[in-house]
Amino acid sequence: MAVVVGFIPTEVGFKALAAAREEAEQRGGPLIIVNVLREGISEDPRHANDQHREIARDLLRGSAVRVEFRQESTQDDIADVLLDMVEAEDAELLVLGVRRQQDLARHLLGLTVQKLLLSANSEVLVV
């Protein structure tokens, strides 16, 4: 069954990617990596650029399952994009990397993770 990982190019994001690879290999894959771009925001540290994608590919090289990297754009809720991907792929697991932050970003991240935990039609692994 498919494993979907919501990927951001941070230390915790790469840890989530490694955990997702392990889960996908145990479950028989594939591994779908999703980086969500916010439309109208050009400089967002959550957006994976070519260098980030190459680092991710290196980390996943030699994986025992098919790996697919997708960048999706949205003006809406990032959680909705991930939920739609879980449904479209009939994913068995959604993997998220969560880190502690202090400010409005922490509050927003909390809302996104809460929505994913409560709404996903799959298991959710928080790294």
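Description of the structure in this document.

Reading the values: the criteria
- Residues numbered from 1 in each chain as written.
- Predicted model: local features only at pLDDT ≥ 70, side-chain atom pairs only at ≥ 80, totals over all residues.
- Heavy atoms only, no water.
- Pairing = 2+ DSSP bridges.
- Helix = DSSP H or I, 4+ residues; strand = E, 2+ residues; numbered from the N terminus.
- Axes fitted to C-alpha atoms, helices over the stretch in contact; angles between N-to-C directions.
- Contact = heavy atoms within 4.5 Å.
- Buried < 20%, exposed > 50% of the residue type's maximum accessible area, 1.4 Å probe, protein only.
- Arc of directions from axis to C-beta.
- Polar contact = N/O pair within 3.5 Å; in protein donor to acceptor, adjacent residues only side chain to side chain.
- Phe/Tyr/Trp six-rings, centres within 6.5 Å; stacked < 30°, edge-to-face > 60°.
- Salt bridge = Lys/Arg side-chain N within 4 Å of Asp/Glu carboxyl O.

**Topic: the sheet that holds strand 4 (residues 93-96)**
Part 1 of the argument: The five strands are arranged 3-2-1-4-5 in an open sheet whose pairing can be described as parallel. Both outer strands of the open sheet, strand 3 (67-74) and strand 5 (123-126), are each paired with one neighbouring strand and no more. Averaged over all adjacent pairs, the angle separating strand axes in this sheet is 25 degrees, with direction ignored.
Part 2 of the argument: Where strand 4 lies against strand 5, four bridges are found, and the strand directions are parallel. Bridged to Leu94 within strand 5 is Val124.
Part 3 of the argument: Lying on the sheet, helix 1 (residues 11-27) is in contact with strand 1 (3-6), strand 2 (31-38), strand 4 and strand 5; it crosses strand 1 at an angle near 175 degrees.
Part 4 of the argument: The strands touched by helix 3 (residues 78-88) are strand 1, strand 2, strand 3 and strand 4; relative to strand 2, the strand with the most contacts, the crossing angle is about 155 degrees.

**A short note on the pairing of strand 2**
Part 1 of the argument: Within strand 2, six of the eight residues are buried, leaving the element largely enclosed by the surrounding structure.
Part 2 of the argument: Two elements, strand 1 and strand 2, share four bridges in a ladder whose sense is parallel. Bridging from a neighbouring strand, Val4 pairs with Ile32 of strand 2.
Part 3 of the argument: Bridge count for strand 2 against strand 3 is eight bridges, and the pairing is parallel. Note that in strand 3 the partner of Asn35 across the bridge is Gln71.

**Here's the deal with helix 2 (residues 50-60)**
Part 1 of the argument: Of all the positions in helix 2, only His52, Arg53, Ala56 and Leu60 are classed as buried. When helix 2 is viewed along its axis, its buried side chains cluster within an angular range of 95 degrees and face the same direction. Turned more than 90 degrees away from the buried face of helix 2, the exposed residues are Asp50 and Gln51.
Part 2 of the argument: In this structure, the buried side of helix 2 is in contact with helix 1, strand 2 and strand 3.

**Some points on helix 3**
Part 1 of the argument: Every buried residue of helix 3 is listed here: Ile78, Ala79, Val81, Leu82, Leu83, Met85 and Val86.
Part 2 of the argument: Two or three places before Ala79, at the opening of helix 3, Asp77 has a side-chain oxygen 3.1 Å from that residue's backbone nitrogen.
Part 3 of the argument: One or two residues past the end of helix 3 sits Asp90, with phi positive at roughly 50 degrees.

**Looking at the packing of aromatic side chains**
Part 1 of the argument: This model, assessed by the stated rule, comprises two aromatic pairs.
Part 2 of the argument: With a centroid separation of 5.2 Å and 75 degrees between ring planes, the pair formed by Phe7 and Phe14 is classed as edge-to-face.
Part 3 of the argument: Under the relative-accessibility criterion, Phe7 is labelled buried at 1%.
Part 4 of the argument: A ring pair is formed by Phe7 and Phe69, whose centres lie 6.0 Å apart and whose planes are at 75 degrees; its orientation type is edge-to-face. Here Phe7, found in the loop between strand 1 and helix 1, pairs with Phe69, found in strand 3; they are 62 residues apart in sequence, far enough to count as distant.
Part 5 of the argument: Residue Phe69 is classed as partly exposed on the basis of its relative accessible area of 21%.
Part 6 of the argument: Every member of this aromatic cluster is reached through a ring pair, and the members are Phe7, Phe14 and Phe69.

**Quick look at the pattern of salt bridges**
A side chain of one charge can pair with a side chain of the opposite charge when the charged atoms of the two come close.
Part 1 of the argument: The tally for this structure, following the rule as stated, stands at eleven salt bridges.
Part 2 of the argument: When the shortest N-O distance is used, the salt bridge between Arg27 and Glu23 registers 3.0 Å. Separated by four residues within a single helix, Arg27 and Glu23 lie in helix 1, roughly one turn from each other.
Part 3 of the argument: The salt bridge involving Glu123 is made with Arg27; its shortest N-O contact spans 3.1 Å. In this pair, Glu123 is assigned in strand 5 and Arg27 in helix 1, connecting sequence segments 96 residues apart.
Part 4 of the argument: A residue is classified by how much of its surface remains accessible, and Arg27, at 24% relative accessible area, is partly exposed.
Part 5 of the argument: If you follow the salt bridges from partner to partner, you end up with Glu23, Arg27, Glu92 and Glu123 in one network.

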